[in-house]
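As a plain string of letters, each chain reads:
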Amino acid sequence: MEVIIASGEQQAKLAADAIEKLLRRETDSTLGLATGSSPLAVYGELIRRHEHEGLSFARARGFMLDEYVGLPADHPQRYRNVIAAELVDRVHWDGERVHGPDGLAADIPAACAEYEQAIAEAGGVDLQLLGIGTDGHIGFNEPGSSLSSRTRIKSLAPQTRSDNARFFGGELDQVPVHCVTQGLGTISEARHLVLLATGRHKAEAVHQLVEGPISALWPATVMQLHPHATVLVDEAAASRLQLADYYRQTYASKPGWQGL
Ligand SMILES: N[C@@H]1[C@@H](O)[C@H](O)[C@@H](COP(=O)(O)O)O[C@@H]1O
């Protein structure tokens, strides 16, 4: 696992560089998309590169991490609509090439199995963007999630519902109780995991993710088992890291050609 302590702006450039490298290669690429505030600066940088540097998403496929269950199709907080507004529409990416778990399916387990199948048929995810919840969730894999879980329905933890109430006008009772999320096993199969975290409220989750014992209690710790995981954190989110100086030195002496 590589830990890079960098400002939100630097994080966005580094993650966008890795995504641009994939989009400009000869073969089609598959991006794993996350919602929440953490990836917004990355999306902003990708939109800038699309508008000013000709970065094209035409040959890419996208798979989202998660979705609320039961929000009406036109609800602005439905993750499908959020990602359309924050990235897909703004980079003129064909919406048919961007997929997400179906939170409105009549048969949710069948829809989850189909989603797994669609990811597999696309050849798997090349780069998965991730944020982290204050309780250490990735996607919507709340504490207690199996480390080998697949896409499925989950109940949101009270902490997550209260954290996300800000997107629902501060009204907790408007936040859905259930979600569908790629599992920790699904996420772990992406070839490169790139997690972004900013702010002191993420410091404990980041400490556990990087330095804690692997445990379902802190689901993001599953990333310690991944052969190519990058964790981009600002100073505040890094404030509880025991080995922060070592991560700084390592990154400062990293060969420039290496990329993420
Ligand atoms: N389901 C999303 C996650 O994918 C996201 O990473 C996390 C952190 O959100 P934020 O980036 O807004 O702090 O919470 C949400 O509940």
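Residues numbered from 1 in each chain as written. Predicted model: local features only at pLDDT ≥ 70, side-chain atom pairs only at ≥ 80, totals over all residues. Heavy atoms only, no water.

1. Comments concerning the overall build of the protein chain
Each helix and strand in the protein chain was counted, giving eight helices and ten strands. Here the protein chain has a C-alpha radius of gyration of 17 Å; the compact-globule value for 260 residues is 18 Å, and the two agree. For the C-alpha atoms alone, the extent of the protein chain along its principal axes is close to 55 × 40 × 35 Å. Residues classed as buried in the protein chain amount to 55% of the 260 residues present. Charge centroids of the protein chain, computed over 23 positive and 33 negative side chains, lie 4 Å from each other. (Helix = DSSP H or I, 4+ residues; strand = E, 2+ residues; numbered from the N terminus. Rg over C-alpha atoms; globule rule 2.2 N^0.38 Å. Buried < 20%, exposed > 50% of the residue type's maximum accessible area, 1.4 Å probe, protein only. Lys, Arg positive; Asp, Glu negative; His and termini not counted. Charge placed at Lys NZ, Arg CZ, Asp CG, Glu CD.)

2. Side note on the environment of D74
Within the fold, D74 resides in the loop between β4 (66-68) and α3 (79-88). Along the sequence, D74 and D28 sit 46 residues apart, while their C-alpha atoms lie 30 Å from each other.

3. Some remarks on α3
Within α3, the full set of buried residues consists of Y79, V82, I83, A84, L87 and V88. As for α3, its buried residues are in contact with β2 (30-33), α2 (40-53), β3 (61-64), β4, β5 (98-99) and α5 (158-164). (Contact = heavy atoms within 4.5 Å.)

4. Some points on the packing of aromatic side chains
Under the definition given, this model contains seven aromatic pairs. In textbook terms, an aromatic cluster arises when at least three aromatic residues are bridged by ring pairs, as seen for Y68, Y79, F140 and F168. (Phe/Tyr/Trp six-rings, centres within 6.5 Å; stacked < 30°, edge-to-face > 60°.)

5. Looking at the UniProt feature "domain: Glucosamine/galactosamine-6-phosphate isomerase" (unreviewed entry) in the protein chain
The UniProt record marks residues 10-224 with the feature "domain: Glucosamine/galactosamine-6-phosphate isomerase" (unreviewed entry), using the residue numbering of this structure. Taken end to end, residues 10-224 has its terminal C-alpha atoms 23 Å apart, with 34% of it in helix and 14% in strand. (UniProt positions renumbered as here; feature names shortened; annotations may be inferred.)

6. Re the sheet that holds strand β8 (residues 178-181)
Pairing within the open sheet is antiparallel, and its three strands lie in the order β4-β8-β7. Across the chains shown, the open sheet's two edge strands, defined by having one partner strand only, are β4 and β7 (152-155). For this sheet, the mean angle separating the axes of adjacent strands, direction not counted, is 30°. Sheet analysis places β4 next to β8, joined by three bridges and oriented antiparallel. Across the sheet, residue D66 finds its bridge partner in β8, namely T181. (Pairing = 2+ DSSP bridges. Axes fitted to C-alpha atoms, helices over the stretch in contact; angles between N-to-C directions.)

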